[in-house]
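# Results of the structural survey
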Amino acid sequence: MSSPSAPDPSRRTVLATGSALGGTLLASGLPLTQATAADRPETAPPAGGPWRTVLDDADLVWQRMPTAWYEGPFLGNGLLGSGIYAEPGAASTAVRFTIQHSEVQDHRPEFGSLFGLARLPIGYFTLEPVGAITGLDWRLSLRDAELTGMLTTDKGTLALRALIHNDRSVLAVEVTASEGERGFRWVFHPADAISPRAAFKPLPDGYQGNPPAQVADHDGITASVQPLLAGGQHVTAWRERTRGRTRTLYAHVAHSYPRTTALGRALTALRRTEQLPYSALAVDHRAWWHAYYRKSFLSLPDARIQRFYWIQLYKTASAARRDAPVMATSGPWLEATPWPNTWWNLNAQLEYWLIHGSNHLELDAITRALSEFRDNLAQETPTPYRADSLGIPRTTDPHLVNGAASTLMGYGVGVPGQDPPTPEVGNLTWALHNVWLSYRHTMDRSILQDVLFPLPRKAINYYLHFLESGPDGKLHLPTTFSPEYGGDSRDCNYDLMLLTWGCRTLLESAELLGIDDPLAPRWREVLAKRVPYPTDANGFMIGADIPFAKSHRHYSHLLAVYPLYEVTGRSPDERALIERSLAHWVGFEGALQGYTFTGAASMSALLGKGEDALGYLGELMTRFIQPNTMYQESGPVIETPLSAAQSLHDMVCQSWGGVIRVFPALPAAWADLIVHDFRTQGAFLLGARREDGATRWVRLLSEAGGPCVVRHGIAGPVDVRDGQGRPLPHIDVGDGAVQVALRKGESALITARGDRPDLTVAPVRPNEDAPRWGLPRV
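It should be emphasised that the depicted structure is a prediction, and the values quoted were computed from it without experimental measurement.

Scanning the protein from terminus to terminus reveals 19 helices and 36 strands. In terms of overall dimensions, the protein is globule-like: its C-alpha atoms have a radius of gyration of 26 Å, near the 28 Å expected for 778 residues. Along the first, second and third principal axes, the C-alpha set of the protein runs to 80 × 65 × 45 Å. For the protein, with 778 residues in total, the buried portion stands at 63%. The contacts of the protein with a sequence gap of at least 6 include a subset with a gap of at least 24, amounting to 69%. Summing over all exposed atoms, the protein offers an accessible surface of approximately 26100 Å²; the carbon and sulfur share of this is 50%. Charged side chains of the protein number 72 positive and 80 negative; the gap between the two group centres comes to 4 Å.

What follows concerns the confidence of the model for the protein. Considering every residue of the protein, the mean pLDDT works out to 93; 94% of them sit at 70 or more. Low pLDDT, under 50, characterises residues 1–47; the stretch is placed with 132 contacts to residues that sit more than four places away or in other chains.

Reading across from one edge, β26-β27-β31-β34-β33 is the order of the 5 strands in this open sheet, with mixed pairing throughout. Each of the sheet's edge strands pairs with one partner strand only, and the pair in question is β26 (653–654) and β33 (731–734).

Ordered in space as β15-β28-β29-β30-β35-β32, the 6 strands form an open sheet in which the pairing is antiparallel. Here the strands that pair on one side only, and so sit at the sheet edges, are β15 (297–299) and β32 (718–721). Pairwise comparison of adjacent strand axes, ignoring direction, gives a mean angle of 15 degrees for this sheet. Two strands pair when backbone bridges link them, and β15 and strand β28 (residues 673–680) are joined in this way by 3 bridges, in the antiparallel orientation.

The final tally for this structure, using the stated rule, is 38 salt bridges. One salt bridge connects Glu274 with Arg241, and the closest N-O pair in it is separated by 2.4 Å. Here Glu274, found in the loop between α4 (262–271) and α5 (278–293), pairs with Arg241, found in strand β13 (residues 233–243); they are 33 residues apart in sequence, far enough to count as distant. Taking the relative accessible area as the measure of exposure, Glu274 reaches 2% and is therefore buried. The salt bridge involving Asp545 is made with Arg490; its shortest N-O contact spans 2.5 Å. Taken together, the positions of Asp545 in the loop between β23 (539–540) and α16 (572–586) and Arg490 in the loop between β21 (488–489) and α14 (493–513) put the pair 55 residues apart, joining distant regions of the chain.

Attention now goes to empty space enclosed by the protein. For the structure shown, the criterion picks out 4 cavities of 30 Å³ or more. In this structure, the largest cavity occupies an estimated 240 Å³ of space. Taken together, 20 residues line the largest cavity, and the ones lying closest to its centre are Leu437, His441, Gln646, Asp650 and Gln681. Breaking the lining of the largest cavity down by element, the ones donating at least two residues are α8 (354–357), α11 (427–442), α19 (639–652), β26 and β28. Its residues assigned to classes, the lining of the largest cavity comprises 8 nonpolar, 10 polar and 2 charged.

Take the nonpolar core next. Buried together is how nonpolar side chains tend to be arranged in soluble globular proteins. Counting residues in each nonpolar core, the largest one holds 215 residues, and the members touching the most others are Trp138, Trp310, Leu370 and Trp523. The element that contributes the greatest number of residues to this core is α14, accounting for 11 residues. Of all hydrophobic cores here, the second largest spans 17 residues; its members include Val225, Leu267, Tyr278 and Leu281.

Here a disulfide denotes one covalent bond, and it connects the sulfur atoms of two cysteines. Throughout the structure, instances matching the rule amount to 0 disulfides. Sulfur of Cys653: no disulfide; nearest cysteine sulfur belongs to Cys708 and is 9.8 Å away. For Cys653, a relative accessible area of 4% corresponds to the buried category. A residue is classified by how much of its surface remains accessible, and Cys708, at 2% relative accessible area, is buried.

Cut-offs applied
Residues numbered from 1 in each chain as written. Predicted model: local features only at pLDDT ≥ 70, side-chain atom pairs only at ≥ 80, totals over all residues. Heavy atoms only, no water. Helix = DSSP H or I, 4+ residues; strand = E, 2+ residues; numbered from the N terminus. Rg over C-alpha atoms; globule rule 2.2 N^0.38 Å. Buried < 20%, exposed > 50% of the residue type's maximum accessible area, 1.4 Å probe, protein only. Contact = heavy atoms within 4.5 Å. Areas by Shrake-Rupley, 256 points an atom, 1.4 Å probe, with all protein chains shown as cover. Lys, Arg positive; Asp, Glu negative; His and termini not counted. Charge placed at Lys NZ, Arg CZ, Asp CG, Glu CD. pLDDT = per-residue confidence, 0-100. Pairing = 2+ DSSP bridges. Axes fitted to C-alpha atoms, helices over the stretch in contact; angles between N-to-C directions. Salt bridge = Lys/Arg side-chain N within 4 Å of Asp/Glu carboxyl O. 1 Å grid on protein atoms, 1.4 Å probe; cavity = no way out; pocket = protein on both sides within 12 Å on 5 of 7 lines; lining within 4 Å. Points joined across faces, edges and corners; volume = space filled by probe spheres on them. Nonpolar A, V, L, I, M, F, W, Y, C, P; charged D, E, K, R; others polar. Core = buried A, V, L, I, M, F, W, Y, C linked by side-chain atoms within 4.5 Å. Disulfide = S-S within 2.5 Å.

Structure representation (structure tokens):
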């Protein structure tokens, strides 16, 4: 917290806008220098030095055969995805390479998002050796986004390399067989084109699966054409090429609706690729991934968690791109699941949090999708309110459509005070908080003007239709639903907290944009007269009618604490409220799940409790994270490991409320740590080094220009110097913080007075070794 004599800058100040300089880097190992857009390269050279060291160390290995989605290697490029594991029931005779695609879906809205608009399974290849499989030695190279290794059978060996090409969206698997294994084969198995939810829930009346796929040869390329009852098709095309003793499989997926153009597109795309040898294909693929990783750097002395972190960066870029659909619950690696689409009451939000600090805004599909499909959001809003309101259903397809709504087929936008449907109405406002984070971390005015102001204006307007004054003179909400506790409550904290954040953000955004909005007086009234958040002796309640009294995995009643940072412990009483609420929430065993512990870790980090945060992450790793760092609840879901990476970010750096807090919640065991080009709110790139339990230096580059308050944590007097080593004017605001004004492209270095530390970016030494992720030998 800021010292009383030096309050945090107002949110209006820190919301000040400027254009971001996307994709810029500071060169590894160089002293901090003043940088401009022209000085900093837009693309990085191939990853080497510290990046190569930490990435090679984080590679997953398999010396035992994976048997399921949550054990095996996974490849992807945001669209095409493949999970690799033993063929179920035939582990000694075949290896499955799944083929799934995030754009492949059904188009029958009458059966809702979970059946009629669900993502559809495509199928899989089996690699079938001549002999029985007796062993394997595989390695998933994060740096190259490539699986390599050996499969051993009682007849010989199969040496393989596999990737999903970043740009061409082609799965390429090169296999070099020994003499006894030259007769190995590939077999494609089309999946039934039916919603994966059918394995868990009864089919809606009238629903039937799509007709079988049709497999045929097309001038040397084989294609599996899946017709859809609603029109359109999806197509998997493949071809195997032989070059000496090496055979390479190439496969591509295309989807079209309502036209049947996918076949032609798939054949064309494959013909452009399958003539390239694997080694040639890998060159620009690897170059993209090497540049991707160089956008930020983090090393800490816990080997297991450091490896986990870099795997999440690999996983995110395998599952997400700005122009790809917002991640569904299982990303591009669809399996049998009751959750075969995008979920908006937690999953999507958590999936994308880590892109901000790690400096990967090129993966931000949420901002793009909410903007592109805003008209669909209006159609999903209950009819009487469509003219001036927006909402998002609990579940949607990639175009943000839910279709028919029911607990079986998909959950629509509810109406406060009514049930059915379930009055879950805050999901769009929460999703827009992700957009706000993207704006704050880039200061890109176009996000503010085109998305962040107009969409929240209508999302909050939906609430305003139902707010009413009570006998206490306060504004109250009728009954709404707090995900996923059960039961409707008046003055539900989930909605009150989002309403408060939304009104405050709208007022500040309008001021920045110079808009005199006629709704501004109403937003101010809400902030002044909104009923206090319901609490009791145990902390935050679900709402005025429902105490928190049972095990519950979701922190929907605590959003004002995290991630909104509206309640942050500014006073002893407020801090005690957070501590009481957190302890009460996680104190009920039974329904707790993985993301319970990521939320608890981030809330502990807010309070500066690094030991507690690490303890919660330890519980997550021990109880929930699977061998390949995936996660499951009834079916495959990926938000929890990705949000664990954000919990780690929250321990290393926080930048809410206009203050950059360096190393705010590190456990004592993390005496050494380095971060480089970590992106903060205000569009600053942060570098910092901790040695022997003390912060040695902090450096910042401003991409947008503006004031910066940094709680650096360096004991005693400090020097603040610019990129040329000259003293930089600054104000000591107390409590280990300084305020410095930086113009766009300017930098600042903060050190203990008289200290001239080494600024080289290099990995820290681990406290002890740890087993690799994957399935290494026991």
